[in-house]
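# Structural overview
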Amino acid sequence: MKENNKGDPFFIFISRICIGALIYGLLNVISNRLLLPTASFITLRPQVSLPMFVGIAYGPLSGFLTGLTGNLFGDIVYGYGPIKFWHWHIANGLMGLIPGLIRYLNIEKVESIRDFGIVEAAVVIASGVAVG
């Protein structure tokens, strides 16, 4: 069988999602223990930037699937089950999808203040939609 230098695009796509989801899910399990002192049901979750990064770097579908499956994996490992917080799985997926949409504005690399502003706005909008 002849190998090409590009690799199998579908395998690379699935690998990125699996690795991102695994890291995101494990970080969710760890951060579920970081409760705020005054609110026992609110946790610090700095790892929400991971689906956003995957969305920006590899496209909206990769970001969506990383957020959705990573949150699903984290909830299953922590013991919540796959459907108890189904709406949060979708919200975490949207946090990866919305910033990934900037690829359709032909922003592959941040080269100007305008590009940076668009990326920043996409991240803020994604966070707002996910919380909403």
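In what follows, the accompanying structure is described. (Residues numbered from 1 in each chain as written. Predicted model: local features only at pLDDT ≥ 70, side-chain atom pairs only at ≥ 80, totals over all residues. Heavy atoms only, no water.)

### Quick notes on a nonpolar patch on the surface
Nonpolar side chains collect at one region of the surface, where Leu34, Leu36, Phe41, Ile42 and Leu44 lie side by side and expose about 480 Å² of accessible area between them. Mapped onto the elements, Leu34 comes out in the loop between α1 (9-31) and β1 (35-36). (Patch = residues over 30% accessible without salt bridge, like charges linked within 9 Å, V, L, I, M, F, W, Y side chains within 5 Å. Areas by Shrake-Rupley, 256 points an atom, 1.4 Å probe, with all protein chains shown as cover. Salt bridge = Lys/Arg side-chain N within 4 Å of Asp/Glu carboxyl O. Helix = DSSP H or I, 4+ residues; strand = E, 2+ residues; numbered from the N terminus.)

### Looking at the side chain of Asn71
With respect to the element layout, Asn71 can be found in helix α3 (residues 60-78). A polar side-chain atom of Asn71 sits 2.9 Å from a polar atom in the side chain of His89. (Polar contact = N/O pair within 3.5 Å; in protein donor to acceptor, adjacent residues only side chain to side chain.)

### Thoughts on the pattern of salt bridges
All chains considered together, the criterion is met by one salt bridge. Across the pair Arg114 and Asp115 runs a salt bridge, and its minimum N-O distance is 3.3 Å.

### Quick word on the environment of Thr69
With respect to the element layout, Thr69 can be found in helix α3. Through-space distance from the C-alpha of Thr69 to that of Leu105 is 26 Å; in sequence the pair is 36 residues apart. Beyond its immediate chain neighbours, meaning those up to four positions away, Thr69 contacts Ile17 and Ala21. A distance of 2.5 Å separates a polar side-chain atom of Thr69 from the backbone oxygen of Leu65. (Contact = heavy atoms within 4.5 Å.)

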